[in-house]
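Chain and residue survey
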Amino acid sequence: MNQIFHGGALLMKIGKKMEKSINSQIQAEFESSYLYLSMAAWFEDADLPGCAHWMEKQAQEEWEHGMRFYKYLVSRGGRVELGPIAAPKKEWKDATNVFEEVLAHEEKVTSLIYAMVEQAEKEKDHGTRSMLNWFVDEQVEEEEHATEILARLKNSGNSPIACQMLDRDLGNR
Ligand code: MG
């Protein structure tokens, strides 16, 4: 039997296919972190320090997501294998364009998480299925935040004053 000793209980060691999916997701989370840090740098350059601060926090959160998968894989006796991270995009048209991309990116991440949920259910990997619940909830929040910010920018016609007000609010994150 493929078992590991973990916290006083015997758990089945994670399957090879799920190990591969989690490694891909670790890579995707760190890619997200790198993308958001690039967006933070763009906002710094655009003199919107509040938006830059928000993006920096977002980048930190994505790093923590990657680590959450990393630690889970280790706890299930899996082997973490880090993949390459490509250089992120570095130019955007305006603040609206940045947040449009944040929303599109988060929608993509949600579909990756949902695919893992379906895989865990199919493989009857209840440990992974349970761990993924946190991410399912997190993705609802991520999409909600991006949608709210985007709506604010669009409703104001992307005006400089609206950008400044948003910048002040996002600086409080
Ligand atoms: Mg994430």
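In what follows, the accompanying structure is described.

Basis of the calculations
Residues numbered from 1 in each chain as written. Predicted model: local features only at pLDDT ≥ 70, side-chain atom pairs only at ≥ 80, totals over all residues. Heavy atoms only, no water. Phe/Tyr/Trp six-rings, centres within 6.5 Å; stacked < 30°, edge-to-face > 60°. Helix = DSSP H or I, 4+ residues; strand = E, 2+ residues; numbered from the N terminus. Buried < 20%, exposed > 50% of the residue type's maximum accessible area, 1.4 Å probe, protein only. Core = buried A, V, L, I, M, F, W, Y, C linked by side-chain atoms within 4.5 Å. Contact = heavy atoms within 4.5 Å. Axes fitted to C-alpha atoms, helices over the stretch in contact; angles between N-to-C directions. Parallel < 35°, antiparallel > 145°, perpendicular 65-115°, else oblique. Nonpolar A, V, L, I, M, F, W, Y, C, P; charged D, E, K, R; others polar. Donors = N, O, S within 2.8 Å, 3.2 Å for Na, K, Ca; no water. 1 Å grid on protein atoms, 1.4 Å probe; cavity = no way out; pocket = protein on both sides within 12 Å on 5 of 7 lines; lining within 4 Å. Points joined across faces, edges and corners; volume = space filled by probe spheres on them. Expected span 1.5 Å × (residues − 1). Polar contact = N/O pair within 3.5 Å; in protein donor to acceptor, adjacent residues only side chain to side chain.

This brings us to the packing of aromatic side chains. For the structure shown, the criterion picks out seven aromatic pairs. Residues Trp 42 and Trp 92 carry aromatic rings whose centres are separated by 6.5 Å and whose planes lie at 80 degrees to one another, so their mutual orientation is edge-to-face. In this pair, Trp 42 is assigned in helix H1 (residues 16–45) and Trp 92 in the loop between helix H2 (49–75) and helix H3 (95–122), connecting sequence segments 50 residues apart. Take Trp 42: its relative accessible area is 13%, and that puts it in the buried class. Between the aromatic rings of Phe 43 and Phe 99, the centroid separation amounts to 5.8 Å while the plane-to-plane angle is 35 degrees, which identifies the pairing as tilted. Residue Phe 43 is found in helix H1, and its partner Phe 99 is found in helix H3; the two are separated by 56 residues along the sequence.

If you look at the biggest cluster of nonpolar residues, it comprises 25 residues, and the most contacted ones within it are Met 39, Phe 43, Met 55 and Phe 99. When residues of this core are traced back to their parent elements, those giving at least two are H1, H2, H3, helix H4 (126–155) and helix H5 (160–170). With six residues, the single largest contributor to this core is H1. Contacts of Met 39, omitting those with residues within four sequence positions, involve Met 55, Trp 92, Val 98, Glu 101 and Val 102. Core analysis: the second largest hydrophobic core is formed by 19 residues, Met 18, Ile 22, Phe 69 and Val 80 among them.

With that settled, consider the packing of H4 against H5. Relative to each other, H4 and H5 sit at 155 degrees, their axes nearing to 10 Å. Relative to H5, the element H4 lies roughly antiparallel. Where H4 abuts H5, its residues Ile 149, Arg 152 and Leu 153 lie against Cys 163, Met 165, Leu 166, Asp 169 and Leu 170. Among the residues making up the contact of H4 with H5, the classes are represented as six nonpolar, no polar and two charged.

Taken together, Glu 29 (OE), Glu 62 (OE) and His 65 (ND1) make up the protein donors of the magnesium ion, found 2.1 to 2.3 Å from the metal. Positions of the donor residues of the magnesium ion along the chain correspond to the pattern E-x32-E-x2-H. Pair noted here: Glu 29 is in helix H1 and His 65 is in helix H2, with a separation of 36 residues, a long-range link. Residue Glu 29 shares its accessibility class with His 65, and that shared class is buried.

Of the volumes computed, that of the largest pocket is approximately 170 Å³. The set of elements that each furnish at least two residues to the lining of the largest pocket consists of H1 and H3. In terms of residues, the lining of the largest pocket owes the most to one element, H1, which gives five residues. Here the lining of the largest pocket is built from residues that sort into nine nonpolar, two polar and three charged.

Across its 28 residues, H3 extends 41 Å between first and last C-alpha, which sits within 8% of the 40 Å expected from 1.5 Å per residue. The N-capping residue of H3, defined by a side-chain oxygen 3.3 Å from the backbone nitrogen of Thr 96, is Asp 94. Downstream of H3 by one or two residues, Lys 124 has phi in the positive range, about 55 degrees.

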